[in-house]
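What the coordinates show
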Amino acid sequence: MKITFPYMGSPYMYEKLFTLLGHEVITPPKPSQKTVDYGVKYSPEFACFPLKVILGTYLEALELGADTIVTSGGNGPCRAGYYGEAQKKILQNMGYDVEFIIFDEPKRDLKTFLENVKKIKGNNSWRQVIKTVKTVYDMAKSMDKVEKIVECKRAYECNKGEFTKAWHEITEEYRRIESSEDVKKIERKAIERLNSIKICEVPEEEKIRIGIVGEIYVVMEPSINGNIEEVLNAYGAEVERSHYISEWIDFNLIPLPSYKEKEHQILKKGEKYIEIIIGGHAKQSVGAIIDFMERGFDGVVHLKPFGCLPELVSQSVIDKIMREYDYPILSLSVDEQMAIANVLTRIEAFLDVIKQKKHRKRIAR
Amino acid sequence: MKIGIPKALMYYFYYPFWKTLFESLGFEVVTSDDTSKSILDIGVKEAVAEICVPMKVYTGHVLNLLDKSVDYIYIPRFVSLRKGIFMCPKFMGLPDMIKGLFDGIENKILTHNIVSKSTDISEFHNYTVFIDKLGVSRKDLKNALKKARDKWLEFRTLNRQGYDINELLTSDKPKKYDGDITIGLIGYVYNVYDRFVNMDLLNVFRKLNIKVVTFDMMEERIIQRQLKKFKKNMFWEFTNMLLGTAYEFMERDDIDGIIHITAFGCGPDSILEPFLTIDSEKHKKPFMTLRIDEQTGESHVITRVEAFTDLIRIKKYKAEKTVEGVI
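Residues numbered from 1 in each chain as written. Chains lettered and ligands numbered in written order. Predicted model: local features only at pLDDT ≥ 70, side-chain atom pairs only at ≥ 80, totals over all residues. Heavy atoms only, no water.

As a further point, take the overall build of chain B. Scanning chain B for helices and strands turns up 14 helices and 10 strands. C-alpha atoms of chain B, sized along the principal axes, occupy 75 × 40 × 40 Å. Sorting the 327 residues of chain B into buried and exposed places 60% on the buried side. The long-range share in chain B, meaning contacts at least 24 apart out of those at least 6 apart in sequence, stands at 73%. Put simply, chain B shows about 13500 Å² of open surface, and 51% of that area lies on carbon and sulfur atoms. The centroid of the 48 positive side-chain charges in chain B is displaced by 5 Å from the centroid of its 45 negative side-chain charges. (Helix = DSSP H or I, 4+ residues; strand = E, 2+ residues; numbered from the N terminus. Buried < 20%, exposed > 50% of the residue type's maximum accessible area, 1.4 Å probe, protein only. Contact = heavy atoms within 4.5 Å. Areas by Shrake-Rupley, 256 points an atom, 1.4 Å probe, with all protein chains shown as cover. Lys, Arg positive; Asp, Glu negative; His and termini not counted. Charge placed at Lys NZ, Arg CZ, Asp CG, Glu CD.)

See below:
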């Protein structure tokens, strides 16, 4: 069994989980033009962009020798929960003999869920499995914590590129961990390292803070969203996302109410505009916009895959929020046609609007 | 009091129900006009650019109703018509979407959630909102729902007997149509029956002497039997119905070919597509996708349908000839 999986944000959680459980793992390459081309070629034309990129990722991993794909399912109504089934159909039709292990919620089909768990568990003892899961969870938490520092401080680095370089090296360190103790050690070292990078502070009132919201895949995966965080940082803006993998795990996989509180608060904030959860992250996106606004962020970038079902509903609402609060929100559609020059121009214009707004406010005071 | 019902989306499946319901409660029911170039254009202008065409059409119909000085526009939020299966997210967010598009429209919208166990949406608990909002009594509401249900079941029965929905909605003496070949038409009611958006497709078929069978004419149990083949059903009620119907069509000898009519930007259909294209090929059943969008021009639809059905006829009559020859 040579396992591969979708690539979203950091692939190292999956990689670590399966490696520590003793499986042979084919880590898929970071999505590139080749990935996108593959995905576009073999996916239905109007499939959403993440489905295409993930299919491309699988094809690349299969070329590298993978024979088993592990992924999550879902309850809908967003399409993402059915990706696995559709991709299986397409890959099998292309002649690939590939096994799909799709983790749906246990209550949907308990038997399949337990079979899947057994496959992943292999010969490991339950004690070992729990220890491994804990290690990977700690790693996810820790990486998100460190990345948040990068997303904030990179906006002020004196020498361009230092934080990105450091972050890449730090992720490689994380890749080598074996236990939760390693995670702690690496986190300490990483934070020390980031703190030692020279930064050119700007006065508090000139700082710009941007929230990024939207559909989880395009928010989390820099290689397909035009590296938007780095771009915003390079223009001197601090960034925070509405999705971090560890928070996703807290909300979706840990059955303790205290872990779900943050997401529930966000959902509550979105309720005025989107009454019920309509799938994907539509309600969360709207809630996160209100949240960023209340926390004094200067603007929000909203990312959605072209034609994304839930995010098109949030898009209808977002225009209203912009009018109601005179709040800058930039909506970007992400798909195979996204041109970087276009994105840069729009971000520049967006930041100009924010700067002028801040400037007028200062003068008014 | 005048209640406006947009002639779009679920209008084609539930209008007899809604009309009876509101009229039994003593309200006047007004529909928007038939879809037209101006309704479509205004919808395209006001709706979010990337949204699917049926949603744009719907937006146009809402504005058309506003011009008719109705007291309320009825925009139900379809959530689920079967346990664990939902409607497309756009349906679930439909009232939110319309509220988001137009300022000050909130008070004009009559909305409530529909969470039902089947496509029969007459369950009382879904409509309790009406008691306060429309000032009707529980008893009257219950009676009206029963009447509406009866009317709707009657409509569905005729529909299942092979009368198409446009015939049933627009004609007192509905007709059935036959043809020398039969096409299984896979598509949502608002794509199959909106004559403007689909370039009057059903009449195109009739002129070519083609009989059409659609999912709404299928018995529920047949669809469900086909769906059992899938380990995991799709999440969207009507997409599942299309899926089940399509697999039935693939297996049936009296269906000569399958056409999937889909609107630009339809998300669920993009997931349905690989299943239909791959498996219709395996079943050796001629298959074609017909995509409709806001660009109105009927010649391409006619050309494609003609070409497709010509091939089917050639295949069919060649096969018959061979059989005769052998005999």
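Residue and element names in this part refer to chain B. Among the structural elements, T309 can be located in helix α14 (residues 299-326). The buried category is assigned to T309, whose relative accessible area is 1%. With residues up to four places along the chain from it excluded, the contact list for T309 reads I181, I183, L208 and I210.

What follows deals with the packing of helix α3 (residues 49-63) of chain A against helix α4 (residues 83-93) of chain A. Residues and elements named next belong to chain A. It is the contact of α3 with α4, at a shortest axis distance of 11 Å, that shows an interaxial angle of 50°. With respect to α4, the axis of α3 lies oblique. Both α3 and α4 take part in a crossing whose hand is right-handed. In this structure, α3 uses P50, L51, I54, L55, Y58, L59 and L62 to contact α4, whose residues at the interface are Y83, Q87, I90 and L91. A breakdown of the residues in the contact of α3 with α4 according to their chemical character gives 10 nonpolar, one polar and no charged. (Axes fitted to C-alpha atoms, helices over the stretch in contact; angles between N-to-C directions. Parallel < 35°, antiparallel > 145°, perpendicular 65-115°, else oblique. Left-handed = near helix turned anticlockwise from the far one by under 90°. Nonpolar A, V, L, I, M, F, W, Y, C, P; charged D, E, K, R; others polar.)

With that settled, the discussion passes to the sheet that holds strand β3 (residues 68-72) of chain A. Residue and element names in this part refer to chain A. Spatial strand order, β2-β1-β3-β4: four strands in an open sheet with parallel pairing. Looking at which strands have only one partner, the edges of the open sheet turn out to be β2 (24-25) and β4 (99-103). Contacting β3 and β4, α4 runs over the sheet at an angle of about 175° to β4. (Pairing = 2+ DSSP bridges.)

In this complex, chain B contributes 43 residues to the contact, which on the side of chain A involves 42 residues. Of the roughly 3600 Å² buried where chain B meets chain A, counting both sides, 64% is carbon and sulfur surface. Among the residues of chain B in contact with chain A, E50, K232 and F235 of chain B are the three that bury the most area, contributing 20% of the side total. At the junction of chain B with chain A, the criterion picks out seven salt bridges. With its nearest N and O atoms 3.9 Å apart, the salt bridge here joins K304 of chain A to E50 of chain B. The tally of links between chain B and chain A comes to 17 residue pairs in polar contact (both at pLDDT 80 or more). Where the side of chain B that touches chain A is concerned, the elements lending two or more residues are β4 (77-80), α4 (89-92), α5 (94-101) and α13 (267-282) of chain B. No other element matches the 10 residues that α13 of chain B contributes to the side of chain B that touches chain A. Residue composition of the side of chain B that touches chain A, grouped by class: 22 nonpolar, eight polar and 13 charged. (Buried area = accessible area lost by both parts, 1.4 Å probe. Salt bridge = Lys/Arg side-chain N within 4 Å of Asp/Glu carboxyl O. Polar contact = N/O pair within 3.5 Å; in protein donor to acceptor, adjacent residues only side chain to side chain.)

To continue, consider the pattern of salt bridges. This structure, assessed with the given rule, holds 59 salt bridges over all chains. With a shortest N-O distance of 3.7 Å, E169 of chain A and K165 of chain A are connected by a salt bridge. Here the residue E169 of chain A and the residue K165 of chain A both occupy positions in helix α7 (residues 162-175), the gap between them amounting to four residues, near one helical turn. Measuring nitrogen to oxygen at the nearest pair gives 4.0 Å for the salt bridge that ties R195 of chain B to D200 of chain B. For R195 of chain B, a relative accessible area of 40% translates into the label partly exposed. Here the residues in one salt-bridge network are E201, E204, K207, R209 and E238 of chain A, joined through shared partners.

Residue and element names in this part refer to chain B. Among the residues making up helix α11 (residues 220-227), those that are buried are I222, I223, Q226 and L227. With its buried residues spanning 135° around the axis, α11 presents them on a single face. Residues of α11 that are buried in the fold lie against α12 (237-251). (Arc of directions from axis to C-beta.)

Detailed reading of the predicted model is not advised wherever pLDDT is low. When pLDDT is averaged along chain B, the result is 95, and 98% of the positions lie at 70 or above. The ipTM assigned to the predicted complex is 0.91, against a pTM of 0.93. (pLDDT = per-residue confidence, 0-100.)

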